[in-house]
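# Close look at the chain arrangement
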Amino acid sequence: MNERVPTDECPVKLAPSILAADFARLGEQVAQAERAGANRIHVDVMDGHFVPNISLGAPIVKSLRKVTRLPLETHLMISDPDFFLEEFAEAGSDSFLVHWEGNNNLHRTVQRVKSLGKAVGVVINPATPASVLEEVLPELNVVLVMTVNPGFGHQHFIHSTLPKIRRVRQMIDQLRLDCELELDGGIDATTARLGVAAGASVLVAGTSIFGDPDGVDAAMKRLREATHKAVNIEK
């Protein structure tokens, strides 16, 4: 597959998560995802404190910036994200996702991201109610609802998050905001349909893309078909 798949007619965006990629072939796999129609690349950053795992840092973002034209979405699952915003921005991050949980001053963090000229989103974990978003929602470009508990890949989609996804969609629509609703965790062709039907407009997928035995192209095609089916059912 040599040409990038056009995505203009795709109402739901796909954000492959490199957490599940083969790091020995990271640049190659990201390029494959881009050609297969990915809309952005999702970069999970973990510090071993906020979540029980350690992952990559700004040098990986800097390397990715050289091999893809896609936006790099940096999901900061770390304590005190404010201390690292400039470093990741300089490395090439286009947007930041920060958690509501454990943030001492979420409004300040959101404003700090904006001052760097980057898009900003807030993430809520499975046990966190949608109501915590009420005061900050008008400031956001994205809301990300975790559909697994953050920290590890290869987890199963938590179906009890679906009513919350619907609630967040209702909140966004009621305020008529230009704000995306993103899901992260356990996304495959089956759960993608459920998430889109509940109101999601962006899907993060790691294992189902980079771990598919048929390869990245086939995995992306499967997910794209699933989102189209869900959208058509809603219509």
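Residues numbered from 1 in each chain as written. Predicted model: local features only at pLDDT ≥ 70, side-chain atom pairs only at ≥ 80, totals over all residues. Heavy atoms only, no water.

## Quick look at the environment of Ala 200
Applicable threshold: Under the scheme used here, helices are H or I runs from DSSP no shorter than 4 residues and strands are E runs no shorter than 2 residues, and both carry numbers assigned from the N terminus. Only protein chains enter the accessibility calculation, which uses a 1.4 Å probe. A residue is then buried if its area is under 20% of the maximum for its type, exposed if over 50%, and partly exposed in between. Note on contacts: a residue pair is in contact if any heavy atoms of the two residues lie within 4.5 Å.
Within the fold, Ala 200 resides in the loop between helix H6 (189–198) and strand E8 (202–205). Judged by relative accessible area, which is 6%, Ala 200 ranks as buried. Note: C-alpha distance between Ala 200 and Phe 50 (150 residues apart in sequence) is 25 Å. Setting aside chain neighbours within four positions, we find Ala 200 in contact with Val 12, Ile 165, Leu 181, Leu 183 and Gly 195.

## Observations concerning the sheet that holds strand E3 (residues 72–77)
Test applied: By the convention used here, strands pair only if DSSP detects at least 2 bridges between them. A fitted line through C-alpha atoms represents every axis, and for helices the fit uses only the stretch in contact; the resulting angles, taken between N-to-C directions, go from 0 to 180 degrees.
Ordered in space as E1-E8-E7-E6-E5-E4-E3-E2, the eight strands form an open sheet in which the pairing is parallel. Both edges of this open sheet fall to strand E1 (13–16) and strand E2 (41–46), since each of them pairs with a single strand only. Each adjacent strand pair in this sheet contributes to an overall mean axis angle of 25°, direction not counted. Across four bridges, strand E5 (residues 119–124) lies against strand E6 (residues 142–146) in parallel orientation. Pairing of Val 122 across the sheet is with Val 143, part of E6. Packed onto the sheet, helix H5 (residues 162–174) meets E5, E6 and strand E7 (180–184) and runs at close to 165° relative to E7.

## Side note on the pairing of E6
The condition is simple: By convention a crossover is right-handed if, when the strands point away from the viewer, the path from the first strand over the helix to the second runs clockwise.
Among the five residues that make up E6, five are buried, leaving the element largely enclosed by the rest of the structure. Residues Val 142, Leu 144 and Met 146 point to one face of E6 and Val 143 and Val 145 to the other, with burial holding for every one of them. Sheet analysis places E6 next to E7, joined by five bridges and oriented parallel. When the bridges of E7 are listed, Val 143 appears paired with Leu 181. With H5 bridging E6 and the parallel E7, this β-α-β connection has right-handed handedness.

## Section: helix H1 (residues 26–35)
Regarding H1, the residues found buried are Leu 26, Gln 29, Val 30, Ala 31, Ala 33 and Glu 34. Phi turns positive, to about 110°, at Gly 37, one or two residues after H1.

## Details of the confidence of the model for the protein chain
Rules: Each residue carries a pLDDT value, the predictor's own confidence for that position, ranging from 0 to 100.
Here the protein chain averages 92 in pLDDT, while 94% of its residues score no lower than 70. Across residues 1–8 the pLDDT falls below 50, and counting only partners more than four positions away or on other chains, this stretch makes 18 contacts in the model.

## A closer look at the nonpolar core
Convention followed: What makes a nonpolar core is a set of buried Ala, Val, Leu, Ile, Met, Phe, Trp, Tyr and Cys residues whose side-chain atoms join them at distances within 4.5 Å.
Core analysis: the largest hydrophobic core is formed by 63 residues, its most contacted members being Ile 18, Leu 140, Val 143 and Leu 203. When residues no more than four places from it in sequence are discounted, the contact partners of Leu 140 are Val 110, Val 120, Val 122, Asp 178 and Cys 179.

## Regarding the pairing of E8
Residues of E8 alternate between two faces, with Val 202 and Val 204 on one and Leu 203 and Ala 205 on the opposite face, all of them buried. Of the pairings in the sheet, the one linking E1 to E8 comprises four bridges and is parallel in character. The residue bridging Leu 14 from the neighbouring strand is Leu 203, located in E8. Of the strand pairs in this sheet, E7 and E8 are connected by three bridges, and their pairing is parallel. Its bridge partner being in E8, Asp 184 is matched across the sheet by Val 204. Crossover connection from E7 via H6 to parallel E8: handedness right-handed.

## Focus: the side chain of Ser 208
For clarity, the cut-off: Pairs of N or O atoms are called polar contacts if they sit within 3.5 Å, as long as, within protein, a hydrogen donor faces a hydrogen acceptor (for residues adjacent in sequence, only side-chain-to-side-chain pairs).
Examined against the element boundaries, Ser 208 turns out to sit in helix H7 (residues 207–210). One polar contact links the side chain of Ser 208 to the main-chain carbonyl oxygen of Ile 187, over a distance of 2.7 Å. Sequence-distant contacts of Ser 208, that is, excluding residues within four places in its chain, are made with Ile 187, Asp 188, Ala 219 and Leu 223.

## Focus on unusual backbone geometry
One non-glycine residue with positive phi stands out, namely Asp 80, at about 50°. Relative to the elements of secondary structure, Asp 80 occurs in the loop between E3 and helix H3 (85–91). Given the relative accessible area of 39%, Asp 80 is considered partly exposed. Backbone geometry at Arg 176 places phi at a positive 55°, although glycine is not the residue there. Mapped onto the elements of the fold, Arg 176 is located in the loop between H5 and E7. Of the residues examined, Arg 176 reaches a relative accessible area of 78% and is grouped as exposed.

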